[in-house]
Number of protein chains: 2
Amino acid sequence: MRLVEVNHVVELIAARGLEAVLVDLAARIEADYRRWAEFDKSPRYAAHSPDGVIELMPIADAEHFGCKYVNGHPANQAKGLQTVTGFGIWADVATGYPLMIAEMTLVTALRTAAMSALAARHLARSSPRRMALIGLGAQSEFQAVAFKAILGVQEIQAYDVDDAAARKFAANMQGSGIRVRIAASAGEAIEGADIVTTVTADKRLATVLSDNMVGAGIHINAVGGDCPGKTELQGAILERSRVFVEYEPQTRIEGEIQQMPADFPVTELWQVIAGEAEGRRTPDEITLFDSVGFAIEDFSALGYLYDATAELGLHREIDLLARPTDPRDLYGMIARREAEPVRPRMTLVAG
Amino acid sequence: MRLVEVNHVVELIAARGLEAVLVDLAARIEADYRRWAEFDKSPRYAAHSPDGVIELMPIADAEHFGCKYVNGHPANQAKGLQTVTGFGIWADVATGYPLMIAEMTLVTALRTAAMSALAARHLARSSPRRMALIGLGAQSEFQAVAFKAILGVQEIQAYDVDDAAARKFAANMQGSGIRVRIAASAGEAIEGADIVTTVTADKRLATVLSDNMVGAGIHINAVGGDCPGKTELQGAILERSRVFVEYEPQTRIEGEIQQMPADFPVTELWQVIAGEAEGRRTPDEITLFDSVGFAIEDFSALGYLYDATAELGLHREIDLLARPTDPRDLYGMIARREAEPVRPRMTLVAG
C-alpha cells in the first residue's frame, strides 16, 4: 500500500509549481462537482471536545472511496501546534482494499483555496482585480495564490489582528506577482474590493465582517467559520446575500447559515457548476460562498494526488495490509511468521 | 507519527504468545465496556457497493479518538484477496493530532475473538467444554484459541461447506491443546455443544443454523452476519433466545435482529458487564450474542496496540503530519522546502 508523505507533497509542488497544482486541483474538483449525483454523500462525522473537533469526511463513487481525517483546534497555536492537520485514505470500492494513505495538511490548504477560487469564478463579478483577505494564518497564502492563478486577482488588501501574521504574509507574497497592502482594519481591507475572503480561526461566533462593511456587488468567500459555534459574519449580511453552499445538510449545521432559520434559502453549488441553477444574476447583488469544506473536495484532491505522485514516483510502500498466502489462512500467516521480517539493523551509506 | 505494520503485529504475537494477547485484549475490552458512558458513540459509517461494504468505525473518550477502516467483500476470496482487511487510526483528543496508524486485519481477528469469548464468559453456562464452530475461514482459528484461553474450551466440532477450509483448520489447530473433530454437517457439529460459533461469510440471508438444530441451554456466538442483508440464523431461533448486542442502534441495522421487528427486546452487553443487567438466568435458556463488531472494541485494541508496541519498540516513524516551524506558516514550509528531503539513494549494509 502506498504512503504519500509530507515531503512527497512538497516535492510535487516544487516539481509542478504551486499555481499549476491549484489550477489542476480546481479543474478536478469542478469535474467531480459536475457528477454530484454519482457520489454517496453524507455529512461529516465530528467528535467535539472542549478545545476542538476531530472529523472524518468519507465519500464514494462507484470506483473509489475517499476519506479525510482532519482536526480543528484553534488553541493549538499557543502550544506551537497547528490548528488544522489531516491525512487521507484512498481505496478501491470493488475490493475494499485501501490504495493510499496521504498527508492532507498541505493538501487541505490547497484544495480549500482551489475550491474557494472555483466558487468565486462562478459567483463573483467578472474580472475581479482586488481581494480583501482577512485572517493571515496558515490558509492565507494559498487563498491568495489560488485567486491569482484561477481568477487573475492582482491586488490583495490584507488584515490580521496579529501584526506578526501580517508581516509573515507580506514576506511570503514577495515575488508572487500579487500586489499586497497590509490594512489597519478589516474595514480598511475591504475598501474597493471585488471579493472578500475571511479565513480566521476562533472557535466562536465572531463578527469578522459587520453588515456596514459589505457593499453592493461584492462576493464573500467565507472560509473560517466551519463548525457549530464558529462563524465569522454578522447575520444581517446573510439576509442581504444570495448564499451558496457545498452540501446543504452539513452546512446547515456548520456554516454561517447556522445563524439563520432552517428554511433560509440557499443554493448548492453543484447546481451552478452543472448549469442547473444561476450563479450571480446582477452586478449589484452580494454573493456569499458559505464554505465549510465538503468531502467531495478531498475525494478530488486524493484522486489528483494518487495520479500525480504515481507519475512522479513520489510515494513509498508500507506493509499495512496483511497478505496471507491463502486469504482464508490468516492464522497460518502468524504461525509461520510469513510477513516480511522486522527490518534488521542496517547501516545507511549514501550514494 | 507512528506506523505499526503487519510485521510488527506478527512479532508482537510471537513475543507475547497468541493466548496471552487474546487474554489481555479481552481484559482491556471489558474495562472499556465498563465505562460505556464515557464514550462518544455512533453507528458505523458504511459505503455499500454490489460486492461489499467499506466501513468507518469512529469512537472517542475524553482522551483518545480511535477509528477503524474495514471492508467486507465475500467475493474477494475467489480473486485471491481477503474478505476482510482493515487498519486503524489512534489520535489525541486534546490536540487533534493523530498518534498512530496501525494494521487491523490481524487485529480485527484478534479483537473479534476476544470479544466473542468475553461475551460468552458472561452468557454461556459455566465451564463450557465443547464448542461447535461453523465457518472455518480467516476468523476461525482465532475464535478457537480465544475460547480455549479465556473460557477453557477443550473440544471443537468444526464444519465448513468447503473441505479445504476444514483441512486448513485442522492442520492449524495441531499442537494448540484443543481437540478438533471435523463434522460432516452443521447439525453434526452442534451435537452436545455448550457453545456454537457461526463465522460464515456469505453476503446474504443465510440459514447456517436452523431452528431445530438449537437445543436448550446453548450459547450462540453469532459472528458472521454483520451488515444489512447478511444473516446466519433462522429467525425462529431469535424468538427462543435471550439476545444480547453491542450497540443497539447499529445492531438493529446490521445484526441477526434485522430480521425482527424494531421493538424486539435485546440487552446491550455493557449493562451485563457493568452488573446492571442479568446475563444468563437459567441453565436451560438459550443466550445469543448477536455480534456485529462495535467501535469500542477497536478502540480497546488500538489502545492495547499503542502501549504494547511502544514497550517492545515494534513501530516505525512516518512523516504524515506537516510540522512547519511556525504553525501559521504552512506556505513558508513549501516555499523553503523545510520538510525532510525525499530520501536520497542509499546503500543498505546489514550489521
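Owing to the predicted nature of the structure, the values given are computational and were not obtained by experimental measurement.

Trainee: Help me understand the pattern of salt bridges, please; the structure alone is not making it clear to me.
Mentor: Note that side chains of opposite charge can pair when their charged atoms are close. Across all of its chains, the model carries 48 salt bridges over all chains by this definition. Taking the shortest distance from any N to any O, the salt bridge between Arg240(A) and Asp211(A) comes out at 2.9 Å. Remark: Asp211(A) occurs in the loop between β11 (205-209) and β12 (219-222) and Arg240(A) occurs in the loop between α7 (235-239) and β14 (241-245); sequence separation between them is 29 residues. Exposure remark for Arg240(A): the relative accessible area of 39% places this residue in the partly exposed category. Salt-bridge contacts for Glu254(B) lead to Arg44(B); the nearest nitrogen and oxygen are separated by 2.7 Å. Here Glu254(B), found in helix α8 (residues 248-254), pairs with Arg44(B), found in the loop between α2 (18-34) and β2 (45-49); they are 210 residues apart in sequence, far enough to count as distant. For the pair Glu254(B) and Arg44(B), one class covers both residues: buried. The network of salt bridges with shared partners includes Asp32(A), Arg35(A), Glu38(A) and Asp61(A).

Trainee: Where do I start with unusual backbone geometry in this structure?
Mentor: Phi is mostly negative for residues that are not glycine, and the peptide bonds are mostly trans. Residues and elements named next belong to chain A. Of note, the phi angle at Ser127 is positive, near 50°, even though the residue is not glycine. The topology assignment puts Ser127 in the loop between α3 (105-123) and β7 (130-134). For Ser127, a relative accessible area of 66% translates into the label exposed.

Trainee: I would appreciate a short explanation of the packing of helix α1 (residues 6-16) of chain A against helix α10 (residues 295-312) of chain A in the present structure.
Mentor: Geometrically, a packed helix pair is captured by the angle between its two axes and the distance between the axes. Residues and elements named next belong to chain A. Contact geometry for α1 and α10: axes closest at 11 Å, N-to-C directions at 75°. Relative to α10, α1 is oriented roughly perpendicular. Judged by residue contacts, Val9, Leu12, Ala15 and Arg16 of α1 engage Tyr304, Leu305, Ala308, Glu311 and Leu312 from α10. Per-class residue counts for the contact of α1 with α10 are 7 nonpolar, no polar and 2 charged.

Trainee: Hey, could you run me through the confidence of the model for chain A in this one?
Mentor: Reading fine detail from the predicted coordinates is not recommended where pLDDT is low. Residue and element names in this part refer to chain A. Residue-level pLDDT values for chain A average 93, and 96% of them are 70 or greater. Scored below 50 in pLDDT, residues 345-351 makes 20 contacts in the model with residues more than four places away or belonging to other chains. Across the interfaces of the predicted complex, the ipTM metric reaches 0.89, alongside a pTM of 0.90.

Trainee: Explain the environment of Glu268(A) here, please?
Mentor: All names here are of chain A. In this structure, Glu268 sits in strand β15 (residues 267-268). With 228 residues separating them in the primary sequence, Glu268 and Asp40 have C-alpha atoms 16 Å apart. Excluding residues that lie within four positions of it along the chain, Glu268 makes contacts with Trp36, Val245, Glu246, Tyr247, Glu248 and Pro249. At 2.8 Å, the side chain of Glu268 and the backbone nitrogen of Glu248 are in polar contact. At a separation of 3.0 Å, a polar atom in the side chain of Glu268 contacts the side chain of Trp270.

Trainee: Help me out: how do you make sense of the state of the cysteines in this one?
Mentor: Here, the word disulfide means a covalent bond between the sulfur atoms of two cysteines. Counted according to the given criterion, the structure contains 0 disulfides over all chains. A disulfide-free cysteine, Cys67(A) has its sulfur positioned 6.9 Å from the sulfur of Cys67(B), the nearest such atom. The class of Cys67(A) is buried, set by a relative accessible area of 2%.

Trainee: What am I meant to see in the sheet that holds strand β14 (residues 241-245) of chain B here?
Mentor: Two pairing modes exist for strands in a sheet, parallel and antiparallel, and in both the strands are linked by backbone hydrogen bonds. All names here are of chain B. The strand order across the open sheet built from 8 strands is β9-β8-β7-β10-β12-β16-β14-β15, with neighbouring strands paired in parallel fashion. Here the strands that pair on one side only, and so sit at the sheet edges, are β9 (179-182) and β15 (267-268). Pairing of strand β8 (residues 155-159) with β9, which is carried by 4 bridges, proceeds in the parallel orientation. Its bridge partner lying in β9, Glu155 is registered against Arg179. Lying over the sheet, helix α5 (residues 163-172) contacts β7 (130-134), β8 and β9, oriented at roughly 165° with respect to β9.

Trainee: Before we go on, may I ask you to explain α5(B) in this structure?
Mentor: Structural remark: α-helix, 3.6 residues per turn; residues separated by three or four positions point the same way. Taken residue by residue, α5(B) has Ala165(B), Ala166(B), Lys168(B), Phe169(B) and Asn172(B) as its buried positions. Down the axis of α5(B), the smallest arc covering the buried residues is 160°, so these residues share one side. Facing away from the buried side of α5(B) by over 90 degrees, the exposed positions are Asp163(B) and Arg167(B). Buried residues along α5(B) sit in contact with α11 (330-335) of chain A together with β7, α4 (140-151), β8 and β9 of chain B.

Trainee: Sorry if this is basic, but what is going on with the sheet that holds strand β1 (residues 2-4) of chain B here?
Mentor: Residue and element names in this part refer to chain B. Pairing is mixed across the open sheet formed by 7 strands, whose spatial order is β2-β3-β4-β5-β6-β1-β17. In the strand order of this sheet, the two ends are held by β2 and β17 (316-317), each with one partner. In terms of strand pairing, β2 meets strand β3 (residues 52-60) through 5 bridges, oriented antiparallel. Bridging across to β3, Tyr45 finds its partner in Leu56. Helix α1 (residues 6-16) rests against β1, β6 (98-103) and β17 of the sheet, and its axis sits at about 65° to β1.

Each value, and the rule that gives it
- Here the residue index of a chain counts from 1 through its sequence in written order.
- Here chains are named by letter from A upward and ligands by number from 1 upward, in the order in which they appear as written.
- Local features in this predicted model are restricted to residues whose pLDDT is 70 or higher, and side-chain atom pairs enter the listing and the counts only when it is 80 or higher, whereas totals over whole chains, interfaces and linings include all residues.
- Where side-chain values are given, they derive from all heavy atoms of the structure, hydrogens and water being excluded.
- The working definition used for a salt bridge is a side-chain nitrogen of Lys or Arg within 4 Å of a carboxyl oxygen of Asp or Glu.
- Runs of E in the DSSP output that reach at least two residues are strands. Runs of H or I that reach at least four are helices, and both are numbered from the N terminus.
- Note on classification: 1.4 Å probe, protein chains only; a residue is buried when its accessible area is under 20% of the maximum for its type, exposed when over 50%, partly exposed between these limits.
- Convention adopted: a line fitted to C-alpha atoms gives each axis, helices being fitted over their contacting stretch, and angles between N-to-C directions are expressed from 0 to 180 degrees.
- An angle below 35 degrees is read as roughly parallel, one above 145 as roughly antiparallel, one from 65 to 115 as roughly perpendicular, and any other as oblique.
- Here, two residues are considered to be in contact whenever any of their heavy atoms come within 4.5 Å of each other.
- Side-chain classes are defined by residue name, with Ala, Val, Leu, Ile, Met, Phe, Trp, Tyr, Cys and Pro counting as nonpolar, Asp, Glu, Lys and Arg as charged, and the others, Gly among them, as polar.
- The score called pLDDT rates the predictor's confidence residue by residue, from a low of 0 to a high of 100.
- Side-chain atoms alone can form a polar contact between residues adjacent in sequence; in general such a contact is a pair of N or O atoms within 3.5 Å, and within protein one must be able to donate a hydrogen while the other accepts it.
- Here, a disulfide means two cysteine sulfur atoms that sit within 2.5 Å of each other.
- Strands qualify as paired when DSSP identifies two bridges or more between them.
- The directions from the helix axis to the C-beta atoms form the arc being described.

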